[in-house]
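# Structural features, examined
One-letter residues, chain by chain:
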Amino acid sequence: TGSTPMADTSATICSSLRTPAQRVRHRLERCPRWKWNHCPPSMECAISLMRTREGWALAQALRRRRLRMIRLGALRRYLAWQRRTQPRNAALQDLLDIVEDIASTLQTGNVPAAEVLDLFYEAAGEMRRDGRESAIKLMTAHAAKGLEFDHVIVMDCADWRWDQEDDRRLLYVAMTRARQTLTLMRSEEGRNPYLVDLGTVDGVQDQLPHARPSHRVDLECRYVMLGPAGVDIGFASRNAPSHPVHRAIAALRPGDAVEVKGRHVYSNLGQVVGRLAASVDAMPLQGGVASVVAVMVRTRFQTPEQYWPSLQVDQWEAPLVEVKTVVRSVDGDRMGEQSKRDN
């Protein structure tokens, strides 16, 4: 596929390669990491940035300095250094982005710690609600009304019904969300009547791939996010402070490999670091490739009082995990066989 800078009415029409676009959408709908009306935050784990280990530590440090001035340059350098030591830590990148936004907005080098803390919580809330500005947002045309983006890709243009005025208007809405480039995709099997003459417009490129790509088995996968609702967030709290589970979790970093065996999560050293929530079906996760997305901080006062008698610590951590499992579908097998015949 491709796109070009658009004039007022320009667009790019692209054919899907070998898989019909509706199959792509069907797979995405079944994938729990995607939401059609709202792209999840970069953390992809449905918790506020300030509840991660990194956000919590920064908030505690700012509270201790509440009456002092904070040098934003020094804070930026510290977070940048942390980011270099943990390149797969998305929370550190988010915190660094917030510091840079604060510095560019306030146009000052020194800010009261209390004000910085408030700005962090405000920005983290916006990030949780809207996602990062640089994130790829997947949504319906209805949900995109009133929004604008630099680059827009409209999938499944062959699915729009040509005899429905509402569909024609909705396609127009989807196309006019773009500020710089617009890419429209259609399947080989269909041809959207609204797009028949669009290729004659100056500035539009109508592209058809010359070769079909081979089927890629590595794309036949499903991502399962074990966020706060997917793990037992109080697992570590029911163990004494000296229990090895606390040290094992403290050693984890975002991006570290873990393993789901049975209903427990194990570190790469074979130590238990978590347990699945009772509502999670553990069977499909066995043998999957798992990694830590974030480490969540919990306290006694964030816990309902009826659970207090079981708590043996006042503060603990819970790793949130993403598991990638292979999904072999009938369609995938057919495409693989067809690819072999084509080759």
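Check the entry above for the structure.
The present account deals with the structure reproduced in this document.

Parameters at a glance
Residues numbered from 1 in each chain as written. Predicted model: local features only at pLDDT ≥ 70, side-chain atom pairs only at ≥ 80, totals over all residues. Heavy atoms only, no water. Helix = DSSP H or I, 4+ residues; strand = E, 2+ residues; numbered from the N terminus. Contact = heavy atoms within 4.5 Å. Polar contact = N/O pair within 3.5 Å; in protein donor to acceptor, adjacent residues only side chain to side chain. Pairing = 2+ DSSP bridges. Axes fitted to C-alpha atoms, helices over the stretch in contact; angles between N-to-C directions. Salt bridge = Lys/Arg side-chain N within 4 Å of Asp/Glu carboxyl O. Buried < 20%, exposed > 50% of the residue type's maximum accessible area, 1.4 Å probe, protein only. Parallel < 35°, antiparallel > 145°, perpendicular 65-115°, else oblique. Left-handed = near helix turned anticlockwise from the far one by under 90°. Nonpolar A, V, L, I, M, F, W, Y, C, P; charged D, E, K, R; others polar.

## Brief notes about the environment of Val 321
On the secondary structure map, Val 321 appears in strand E12 (residues 315-326). Distance from Val 321 to Gly 227, taken between C-alpha atoms, is 6.7 Å for residues 94 residues apart in sequence. Discounting residues that sit within four places of it in the chain, Val 321 has contacts with Val 224, Met 225, Leu 226, Val 258, Val 265, Ala 290, Ser 291 and Val 293.

## Description of the side chain of Gln 93
Tracing the chain through its elements places Gln 93 in helix H4 (residues 90-106). At 2.9 Å, the side chain of Gln 93 and the side chain of Asp 97 are in polar contact.

## Details of the sheet that holds strand E9 (residues 264-267)
With antiparallel pairing, 6 strands are arranged side by side in an open sheet as E7-E12-E11-E8-E9-E10. Both outer strands of the open sheet, strand E7 (221-226) and strand E10 (272-275), are each paired with one neighbouring strand and no more. The sheet shows a mean angle of 35° between the axes of neighbouring strands, taken without regard to direction. Examined bridge by bridge, strand E8 (residues 257-261) and E9 share 4 bridges and lie antiparallel to one another. Paired with Lys 261 across the strands is His 264, a residue of E9. Taken strand by strand, helix H2 (residues 53-64) contacts strand E11 (289-299) and E12, and its axis lies near 30° from that of E11.

## Topic: the pattern of salt bridges
Counted according to the given criterion, the structure contains 9 salt bridges. With its nearest N and O atoms 2.9 Å apart, the salt bridge here joins Arg 53 to Glu 317. Placement of Arg 53 in helix H2 and of Glu 317 in strand E12 is noted, with a sequence separation of 264 residues between them. The two residues Arg 53 and Glu 317 agree in class, both being buried. When the shortest N-O distance is used, the salt bridge between Arg 179 and Glu 148 registers 3.6 Å. Taken together, the residues Arg 179 in strand E5 (residues 178-186) and Glu 148 in the loop between helix H5 (113-130) and strand E4 (149-154) connect sequence positions 31 residues apart. Several salt bridges share partner residues, and in doing so they unite Glu 148, Asp 150 and Arg 179 into one network.

## Things to note about the packing of helix H3 (residues 72-85) against H4
Contact geometry for H3 and H4: axes closest at 9 Å, N-to-C directions at 160°. Our classification of the angle between H3 and H4 gives roughly antiparallel. In terms of crossing hand, the pair formed by H3 and H4 is left-handed. For the pair H3 and H4, the contacting residues are Leu 72, Leu 75, Arg 76, Leu 79, Ala 80, Gln 82 and Arg 83 in the first and Ala 90, Leu 92, Gln 93, Leu 95, Leu 96, Val 99, Glu 100, Ile 102 and Ala 103 in the second. Residue composition of the contact of H3 with H4, grouped by class: 11 nonpolar, 2 polar and 3 charged.

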